[in-house]
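In case you want the letters, here they are:
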Amino acid sequence: MPELPEVETVMRGLEPVMMGQKIRYADIRRPDLRWPFPENMSQRLIGAKIVRLHRRSKYILCDLDSGETLLIHLGMSGRMTISHAGNESEDLLGNFQYKPSIPAKHDHVILDMQGGARISFNDARRFGAMDLIDTKNLFDHKLIKSLGPEPLGNEFNTPYLYSKLKGKAAPIKSALLDQRIVSGLGNIYVCESLWRAGINPKRLSGKVSRKKIDVLVPFIRDVLREAISAGGSSLRDHRQANGDLGYFQHSFAVYGREGKKCNSVNCSELIKRIIQSGRSSFYCSKCQK
Ligand SMILES: [Zn+2]
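All of these numbers come straight from a predicted model, not from anything done at the bench.

(A) Structural view of the coordination of the zinc ion. Taken together, Cys262 (SG), Cys267 (SG), Cys284 (SG) and Cys287 (SG) make up the full set of protein donors to the zinc ion, lying 2.2 to 2.4 Å away. Each of the four donor atoms bound to the zinc ion contributes to angles spanning 106 to 113°, and the resulting shape is tetrahedral. Between consecutive donor residues of the zinc ion, the sequence gaps follow C-x4-C-x16-C-x2-C. Of the two residues, Cys262 sits in the loop between helix H6 (210-240) and strand E9 (272-276) while Cys287 sits in the segment after strand E10 (279-283), which places them 25 residues apart along the sequence. The exposure class of Cys262 is buried, given its relative accessible area of 2%.

(B) Structural context of the pairing of E9. As judged from the five bridges shared by E9 and E10, these two strands associate in the antiparallel manner. If you follow Ile275 over to E10, its bridge partner there is Ser280. Hairpin remark: E9 followed by E10, antiparallel, with two residues in the connecting loop; positive phi at Ser277, about 40°.

(C) Region of the structure containing the sheet that holds strand E7 (residues 118-122). Taken in spatial order, the four strands of this open sheet run E1-E6-E7-E5, and their pairing is antiparallel. The open sheet is flanked by strand E1 (23-28) and strand E5 (79-83), the only strands paired with a single partner. Between one strand axis and the next, the sheet turns through 15° on average, direction left out of account. Pairing of E5 with E7, which is carried by five bridges, proceeds in the antiparallel orientation. Within the sheet, the bridge partner assigned to Arg79 lies in E7 and is Asn122. Along the sheet face, helix H1 (residues 4-18) touches E5, strand E6 (107-113) and E7 and points at about 30° away from the line of E5.

(D) Molecular detail of unusual backbone geometry. Unlike most non-glycine residues, Asn266 shows phi in positive territory, near 65°. Tracing the backbone shows Asn266 in the loop between H6 and E9. Since its relative accessible area comes to 75%, Asn266 is described here as exposed. One non-glycine residue, Ser277, lies in the positive phi region at around 40°. Along the chain, the position of Ser277 falls in the loop between E9 and E10. Here Ser277 falls in the exposed class, since its relative accessible area comes to 62%.

(E) Fine view of H1. Here H1 contains 15 residues, and its C-alpha end-to-end distance of 20 Å stays within 8% of the 21 Å for a straight helix at 1.5 Å per residue. Burial analysis of H1 places twelve of its 15 residues in the buried class, the great majority of the element. Listing the buried residues of H1 in full gives Leu4, Pro5, Glu6, Val7, Glu8, Thr9, Val10, Met11, Gly13, Leu14, Val17 and Met18. Note on H1: the residue one or two positions beyond its end, Gly20, has a positive phi of about 75°.

(F) The nonpolar core, seen in detail. Counting residues in hydrophobic clusters, the biggest one holds 33 residues, and the most contacted among them are Leu14, Met18 and Leu111. The greatest single-element share of this core, amounting to six residues, is contributed by H1. Excluding its chain neighbours within four sequence positions, the residues that come into contact with Met18 are Ile50, Leu53, Cys62, Leu111, Met113 and Ile119. Listed in part, the 25 residues of the second largest apolar core include Ala175, Ile188, Leu224 and Ala227.

The rules behind each value
- Residues numbered from 1 in each chain as written.
- Predicted model: local features only at pLDDT ≥ 70, side-chain atom pairs only at ≥ 80, totals over all residues.
- Heavy atoms only, no water.
- Donors = N, O, S within 2.8 Å, 3.2 Å for Na, K, Ca; no water.
- Tetrahedral: all angles 85-135°; square planar, octahedral: opposite > 155°, others 65-115°.
- Helix = DSSP H or I, 4+ residues; strand = E, 2+ residues; numbered from the N terminus.
- Buried < 20%, exposed > 50% of the residue type's maximum accessible area, 1.4 Å probe, protein only.
- Pairing = 2+ DSSP bridges.
- Axes fitted to C-alpha atoms, helices over the stretch in contact; angles between N-to-C directions.
- Contact = heavy atoms within 4.5 Å.
- Expected span 1.5 Å × (residues − 1).
- Core = buried A, V, L, I, M, F, W, Y, C linked by side-chain atoms within 4.5 Å.

This is the structure we're talking about:
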């Protein structure tokens with residue numbers, strides 16, 4: 001499931017083929033994903049120019065010169081793929097005779113850009129979503145309105161997180177997954193941040209000291225920034241490969257490492273896995289208190 005760094009990577013991968021370009025053709029190949037597509041989606045997209053690409057939480061937002069914003073959510077299994085004109089078409093420039101990929105199974109939305117790139121949204125499980133929103137009302141949209149601050153933004157800091165966790169009985173793990181407290185953090189990066197900060201995922205939110213929160217906040221930013229940077233490198237590799245954006249290999253310190261030795265120096269404890277609110281938590285019982 002894509003988390004914030006993967007979404008950021010997809011957005012950065014789309015930038016060079018979308019920014020400042022018009023959508024030449026939009027092929028909407030089914031009526032819905034998780035929700036129905038907006039009315040006349042294809043007509044509303046065709047001819048519109050992308051004037052800004054940005055991200056809020058796990059939503060990619062493409063502002064159009066028509067005054068609308070295309071919201072893209074990858075859901076559980078959504079993928080964006082870019083295919084380009086083959087080299088042989090270079091001498092046919094201007095004729096739009098590039099060789100786009102043939103739509104694959106589960107390619108539900110295809111955008112052909114003015115510059116010759118074909119962007120395909122593929123989503124086998126269809127938990128993804130796309131919507132068109134008035135740009136001026138973007139932050140009142142139902143999916144965006146109640147989101148907490150971005151973990152990489154200035155609003156997310158020790159005093160803020162401390163005030164949100166104070167008096168809370170829920171485990172710290174669940175509180176950090178609560179999108180109203182901080183938006184875009186998912187299971188993997190919460191596990192990794194808590195391990196780095198030495199906080200047990202079962203610890204009750206209200207019982208995490210301010211000192212510990214002061215340690216945790218920069219670690220949350222670090223794990224995300226490192227993953228975004230890994231995504232950037234994967235993007236450079238992927239461009240030469242199949243154009244599939246945003247899924248890249250990570251090495252995690254705790255996530256997915258149940259029964260393996262803790263990565264901390266001088267610790268020989270084995271990583272444990274427990275289930276919290278239906279999700280796996282991986283942690284070291286010696287390093288995380
Ligand atoms: Zn350990």
